[in-house]
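Descriptive analysis of the structure
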Amino acid sequence: MTAVADTDLTRELRALDAAHFLHPFTDHAALAAKGARVITRAEGIYIWDSEGHRILDGMSGLWCVNAGYGRRELADAAYQQMLRLPFYNTFFQTTTEPPVRLAQRLTELAPPVQGRRFTHVFFTSSGSEANDTNVRLVRRYWDLMGQPQRKVIISRWNAYHGSTVAAASLGGMAAMHAQGDLPIPGIAHIEQPYYWDLRQPGETAEDFGVRAARWLEEKILEVGPDKVAAFIAEPVQGAGGVIIPPETYWPEVQRIVERYGILLIDDEVICAFGRLGHWFAYERFGIRPDLVTFAKGVTSGYVPLGGVLVGERVAKVLVEGGEFTHGYTYSGHPVACAVALANLELMQREALPERVRSDTGPYLAERFATLADHPLVGVTESCGFVAGLILVRDKATLTPFPEDWEVGMLCRQHCFDTGVVMRAVGSRMIIAPPLVMTRADIDTMIGLIRRALDATWDDLR
Ligand code: PLP
């Protein structure tokens, strides 16, 4: 399908954008110099901008459009629900049908861990709100358990858990902490399990995984085991640069949280709903969480929705514990929940998690790995439908380029110019494509990425 460049629209929107729109995570001086890229429509795995470029969306929007663009049944579900009941709240002993059905559906999709089921869901409108909820929820749990001194939540540097005050504090992004006096008290951080940065000479990835997990034990002992409420982590760190932990990491973390009896919050805002080849990624890594944060893929990003899946050990205490004084106007929004139900049905019908697990995920891994022969590429890694490569100056020693060369940003620009969206996190180039991709789509994407790498290489020589 061809799109026609609309220069007037582009000019008008760029001017209005610069004049009025305060963007998230954006340097506005840089934006004003260049003008925002205006995305006007999307279909399948492609987006179009107002200048008529068709771009393969290797990032599924912002890690969320799992079912791909243009899915009419999701629009229909929203339309029908808006006509029937666009909104009613779920406070003060009222409910509506979509969140009830969705809560039940999610608890069915989540496999039990060691015979314990996920029985309840708390709904929010985003991943950030869901993690804020987690902070309040785990403290409430320990209060009700008669251990109110358990307040500290341990997280990891370079984790991303959202942008609200509490979620940004849980996260380990130094640039976010530097603004607004974060983190708030009661949050401690340990190093991330990033082998390529933190390995010791001669250390295997397996040995490193165990050593990295033990940083959690050291921190628990430093804080005091009776003061620690929970550990929060993403199965694979997404926004931190697709940091895939060694296979030995999670089993050792699991041993440690169980030894000290602390809660495990598994932030699956990116990793759930097929992204790693399972409905929930805890299955992939053998994680046994008490709480699972979700958002993004639950609606394939068509409308905002997030929440926390609560395991029965915590749910029972909360349910019997009287009022939990927490909630959002849009907790259990009927339209968002109706779209989520339609999205989960679609994903199940098309067997998207299964396809990623046994067909397109392994194929993506194989094809992505072929990029390792490029002179700029040091390492390639993938897990399900997330993948990352490291841009290096010297392949043999994996020496990076000087940071101020901003080689990642240069490569990202070449990706756009070539017609594929990739994200740059320092020297890591990452993708998280829509789960509906076929093998032929994967071939197309890898071809585009290689062309963008070549263009970057030409600039640097
Ligand atoms: N947690 C993780 C792991 C995320 O990747 C994100 C967003 O990217 C969030 C939480 C925050 O979600 P939201 O942007 O919906 O608030």
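What comes next is a walk through the structure. (Residues numbered from 1 in each chain as written. Predicted model: local features only at pLDDT ≥ 70, side-chain atom pairs only at ≥ 80, totals over all residues. Heavy atoms only, no water.)

**Overview of the overall build of the chain**
What counts here: Elements are defined by DSSP. Helices are runs of H or I of four residues or more, strands are runs of E of two residues or more, and each kind is numbered from the N terminus. The quantity called the radius of gyration is restricted to C-alpha atoms. Its globule counterpart is 2.2 Å times the number of residues to the power 0.38. Remark: exposure states derive from per-residue accessible area (1.4 Å probe, protein chains only) relative to the maximum for the residue type, with buried under 20%, exposed over 50%, and partly exposed in between. In these tables, accessible area is a Shrake-Rupley quantity obtained with a 1.4 Å probe, and a residue counts as shielded only by the protein chains included in the view.
Of regular secondary structure, the chain possesses 17 helices and 14 strands. On C-alpha atoms alone, the chain measures out to a radius of gyration of 22 Å, which is about the 23 Å that the 2.2 N^0.38 rule sets for 461 residues. With respect to the principal axes defined by its C-alpha atoms, the chain has extents near 65 × 60 × 45 Å. Taken over 461 residues, the chain has a buried fraction of 53%. Accessible surface computed for the chain: about 20,100 Å², of which carbon and sulfur atoms make up 54%.

**With respect to helix H15 (residues 352-369)**
How we decide: Each residue after the first adds 1.5 Å to the expected span of a helix. Note on bend: at a given residue it equals the angle between the axes fitted to the 7 residues ending there and to the 7 starting there. In what follows, residue pairs with any heavy atoms lying within 4.5 Å of each other are defined as contacts.
A rise of 1.5 Å per residue sets the reference length of H15, with its 18 residues, at 26 Å; its end C-alpha atoms lie only 22 Å apart and thus fall more than 12% short of the reference. A maximum bend of about 50 degrees is found in H15 at Thr-360, where proline Pro-362 lies one to four positions downstream. Residues of H15 that are buried: Leu-352, Pro-353, Val-356, Thr-360, Gly-361, Tyr-363, Leu-364 and Phe-368. Check the buried side of H15 and you find it contacts helix H14 (334-349), strand E11 (377-383), strand E12 (386-391), strand E14 (428-431) and helix H17 (439-460).

**What to know about the pairing of strand E10 (residues 306-311)**
Our working rule: Paired strands, in this sense, are two strands between which DSSP finds at least two bridges.
Counted residue by residue, E10 has six buried out of six residues, so it is predominantly covered. Alternating positions in E10 separate into two faces, Gly-306, Val-308 and Val-310 on one and Gly-307, Leu-309 and Gly-311 on the other, with burial throughout. Of the strand pairs in this sheet, strand E4 (residues 118-124) and E10 are connected by six bridges, and their pairing is antiparallel. Bridge pairing in E10 links Phe-118 to Gly-311. Relative to E10, strand E9 (residues 291-294) runs antiparallel, the two sharing four bridges. Paired with Val-292 across the two strands is Leu-309, which belongs to E10.

**A look at the pattern of salt bridges**
Here is the rule we go by: The salt bridge definition used is simple: a Lys or Arg side-chain nitrogen within 4 Å of an Asp or Glu carboxyl oxygen.
Applying the stated criterion across every chain yields a total of 24 salt bridges. In this structure, Arg-349 and Glu-73 form a salt bridge, with 3.0 Å as the shortest nitrogen-oxygen distance. In this pair, Arg-349 is assigned in helix H14 and Glu-73 in helix H4 (residues 72-84), connecting sequence segments 276 residues apart. Taking relative accessible area as the criterion, Arg-349 reaches 51% and is therefore assigned exposed. Between Glu-247 and Arg-284 there is a salt bridge; the shortest N-O distance is 2.8 Å. Of this pair, Glu-247 sits in the loop between strand E7 (228-233) and helix H11 (249-260) while Arg-284 sits in helix H12 (residues 282-285), and the two are 37 residues apart along the sequence. Under the relative-accessibility criterion, Glu-247 is labelled exposed at 51%. When salt bridges that share partners are traced, they join Arg-214, Glu-217, Glu-252, Arg-255 and Arg-259 into one network.

**Remarks on the environment of His-278**
Inspection of the secondary structure puts His-278 in the loop between strand E8 (263-267) and H12. Of the residues examined, His-278 reaches a relative accessible area of 12% and is grouped as buried. Remark: the alpha-carbon pair of His-278 and Ala-110, spanning 168 residues in sequence, is separated by 9.7 Å. Excluding its chain neighbours within four sequence positions, the residues that come into contact with His-278 are Ala-272, Phe-273, Glu-283, Arg-284, Pro-353 and Arg-357.

**Notes on unusual backbone geometry**
That bond from Leu-182 to Pro-183 is cis: its omega, 0 degrees, falls within 30 degrees of zero. With a phi close to 55 degrees, Asp-181 is a non-glycine residue in the positive phi region. Summarising the element assignment, Asp-181 is placed in the loop between helix H8 (174-177) and strand E6 (187-190). Unlike most non-glycine residues, Phe-273 shows phi in positive territory, near 55 degrees. Counting through the fold element by element, Phe-273 comes out in the loop between E8 and H12.

**Regarding the side chain of Ser-331**
For Ser-331, the position within the fold is in the loop between helix H13 (312-320) and H14. For Ser-331, the contacting residues outside a window of four places in its chain are Thr-90, Phe-122 and Phe-123.

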